[in-house]
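What the coordinates show
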Amino acid sequence: MSERRFVNSLLEKVERGQLSRRSFILASGGIAGLAGAYSLLGGAGLIPPLATAEAATVKQAGKVRPEEWERMLFFDCTHFKKDPPWKLSNLSQGPTNSWALMLDGHSEYAIKEKYQGMFSDRYLYADGQLNAAVQVAAVETLLAQKPDVMISTPLGAALKRPLERVWDAGIPVIQMQMPYLTDKFLCYVNADNALQGRVTAEWLAKKLNGKGKIVMASGAAGVDTAEVRLAAARAVFAAYPNIEILAHGYHNWSISQGKKGFEAWLAAHPQIDGVWSDSAFQSWPAVEAFVEAGRDIPPMPTEPLNGFLKLAKKSNLEFISVGYPNATGLIMVDVAVNAMRGEVVPRYVYVDQLMFEEDEIDTYLRPDMSDDLWVDYRYPQSWAMKQFPKKG
């Protein structure tokens, strides 16, 4: 695809609401520069035109996180070009919860249906069991089977060297976590975890009018998703001296572990004015624990998990939901296909995040579908029904 066609296709997505203006600027800045990207949006009537804008200095991959690049970087995949069928490997975090199950499901949909016949029947899948050590061993097993391309969800810094060896072996690596800095990857595909942490913390601080006692619940220690969100949230709360953080804990994105954590906090703290949670896997058990303790349910952030939305509707909760699309699994396969076709691909793909508050709950709640469904899915509904065939 030519640069002009690439930029025009991005503009069309912005016009259809399929791409944020922020993402357009990130994606097109490497071609048009920041000034040009703003000018293109203004010319299309998508933002007011700017009188002047200066192109920022390029920060190279491996120096700062992709979310912080001042201009998009691209990679010419000509030397990866190969006729199908392609042998794809997936270093997965493992289907340890419903979100991760749908992440894998989006990848499987892309391989088996969207790109039917384009991939080898030998789908090299490694279940990481939400454990970086398991993934380290799995990389060597996958590499020995000589895949053409790898998608991956590295769970910690221990994966840096193993995945760099995959890249050094001439295999393009597409990943949705970046728990370390490196230039040895093809494309990083992810939502903005810092944005999630910042937006949810700012929302909670405003709900509390800048004062109160809160508890903070995170997913898995050392995993990019949890740590980046937590750091961003803590930075916000640091600006509010009258907000006291009573406790913080890691609950491994497990509803049962989260329930135990909140039960302990409720027993220890007679006053909890707010809950900061990095995931619906913490906010769901938080609601249950407050209800069972006979305590008023405080405002809290969450994600678009159907089970939480059902509880929120029943209890008339105050919340903000910021999505973390498991459709990333599909988009990583999209990038893999483009790489195998020898196209020029962006080195960072931002995945738009669904955000809404309690006043929009009826738009997204699916009362007829499973509690385990993440309602911001992007594969066909038949795949959602396949993965979660029963209500509740």
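Residues numbered from 1 in each chain as written. Predicted model: local features only at pLDDT ≥ 70, side-chain atom pairs only at ≥ 80, totals over all residues. Heavy atoms only, no water.

Side note on the nonpolar core
By size, the foremost hydrophobic cluster in this structure holds 89 residues, and its most contacted members are Leu163, Ile174, Leu186, Val189, Phe262 and Phe308. If you tally residues by element for this core, the top one is helix α11 (residues 328-340), at nine residues. Apart from residues lying up to four places away in sequence, isoleucine 174 is in contact with Val149, Met150, Ile151, Ser152, Leu186, Cys187, Val189, Met332, Val335 and Ala336. Among the nonpolar cores identified, the runner-up in size contains 26 residues, and Leu195, Ala201, Leu230 and Tyr350 belong to it. (Core = buried A, V, L, I, M, F, W, Y, C linked by side-chain atoms within 4.5 Å. Buried < 20%, exposed > 50% of the residue type's maximum accessible area, 1.4 Å probe, protein only. Helix = DSSP H or I, 4+ residues; strand = E, 2+ residues; numbered from the N terminus. Contact = heavy atoms within 4.5 Å.)

Topic: the pairing of strand β7 (residues 212-218)
Where a strand is regular, its side chains alternate between the two sheet faces. The buried fraction of β7 is high, at six of seven residues. Here seven bridges tie β7 to strand β8 (residues 243-250), and the two strands are oriented parallel to one another. Residue pairing across strands places valine 215 opposite alanine 247, the latter belonging to β8. Note on the crossover from β7 through helix α7 (residues 224-237) to β8: the handedness is right-handed. Where β7 and strand β9 (residues 274-277) come together, four bridges link them in parallel fashion. In the strand pairing of β9, methionine 216 is matched with tryptophan 276. (Pairing = 2+ DSSP bridges. Right-handed = clockwise from strand over helix to strand, strands pointing away.)

Observations concerning the confidence of the model for the protein
In low-pLDDT regions, the fine details of the predicted coordinates are not to be read closely. The predicted model of the protein averages 89 in pLDDT, with 84% of residues at 70 or higher. Low pLDDT (under 50) marks residues 29-35, which in the prediction has 21 contacts with non-local residues, meaning those over four places away or in another chain. Across residues 47-58, confidence stays below pLDDT 50; counting only partners more than four residues off in sequence or on other chains, it has 17 contacts. (pLDDT = per-residue confidence, 0-100.)

Quick look at α7
Taking 1.5 Å as the rise per residue, α7 with 14 residues should run 20 Å; its terminal C-alpha atoms sit 20 Å apart, in good agreement. Burial analysis of α7 places ten of its 14 residues in the buried class, which makes it a mostly covered element. Listed as buried for α7 are Asp224, Thr225, Ala226, Val228, Arg229, Leu230, Ala232, Ala233, Val236 and Phe237. Considering only its buried residues, α7 is in contact with β6 (187-190), α6 (193-207), β7, β8 and β9. (Expected span 1.5 Å × (residues − 1).)

Details of the sheet that holds strand β13 (residues 348-350)
Taken in spatial order, the six strands line up as β3-β2-β4-β5-β6-β13 in an open sheet, and their pairing is parallel. Edge positions in the open sheet fall to β3 (124-127) and β13, since each of these has one partner strand only. Adjacent strand axes in the sheet meet at a mean angle of 15° when their direction is disregarded. Against the sheet, helix α5 (residues 160-168) touches β2 (88-92), β4 (149-152) and β5 (173-175), its axis set at about 140° to β5. (Axes fitted to C-alpha atoms, helices over the stretch in contact; angles between N-to-C directions.)

A look at the packing of helix α4 (residues 132-144) against α5
One can describe the packing of α4 onto α5 by two numbers: an axis separation of 9 Å at closest approach and a directional angle of 15°. It follows from the interaxial angle that α4 and α5 lie roughly parallel. Classified by chirality, the crossing of α5 by α4 is left-handed. On the side of α4, the interface is formed by Val136, Val139, Glu140 and Leu143, while α5 contributes Pro162, Leu163, Arg165 and Val166. Looking at side-chain class alone, the contact of α4 with α5 contains six nonpolar, no polar and two charged residues. (Parallel < 35°, antiparallel > 145°, perpendicular 65-115°, else oblique. Left-handed = near helix turned anticlockwise from the far one by under 90°. Nonpolar A, V, L, I, M, F, W, Y, C, P; charged D, E, K, R; others polar.)

Remarks on the side chain of serine 92
Following the sequence through the fold, serine 92 ends up in strand β2. Relative accessible area serves as the criterion here: at 1%, serine 92 is assigned to the buried category. Within the structure, serine 92 has its side chain in polar contact with the side chain of tyrosine 125 (distance 3.3 Å). Other than its neighbours up to four places away in sequence, serine 92 contacts Asp104, Tyr125, Ala126, Asp127, Gly128 and Gln135. (Polar contact = N/O pair within 3.5 Å; in protein donor to acceptor, adjacent residues only side chain to side chain.)

Some words on the pairing of strand β11 (residues 319-322)
Residues Phe319 and Ser321 of β11 are buried on one face, and the alternating residues Ile320 and Val322, pointing to the opposite face, are buried as well. Of the strand pairs in this sheet, strand β10 (residues 300-302) and β11 are connected by three bridges, and their pairing is parallel. Paired with methionine 300 across the two strands is phenylalanine 319, which belongs to β11. The parallel pair β10 and β11 is bridged by helix α10 (residues 306-315), and the resulting crossover is right-handed. With three bridges connecting them, β11 and strand β14 (residues 355-357) associate as antiparallel partners. When the sheet's bridge partners are listed, valine 322 is paired in β14 with methionine 355.

Let's talk about the sheet that holds β10
Read from one edge to the other, the open sheet built from three strands follows the order β10-β11-β14, with strand pairing classed as mixed. The strands lining the two open edges of the sheet, one partner per strand, are β10 and β14. Within this sheet the neighbouring strands show an average axis-to-axis angle of 20°, counted without direction.

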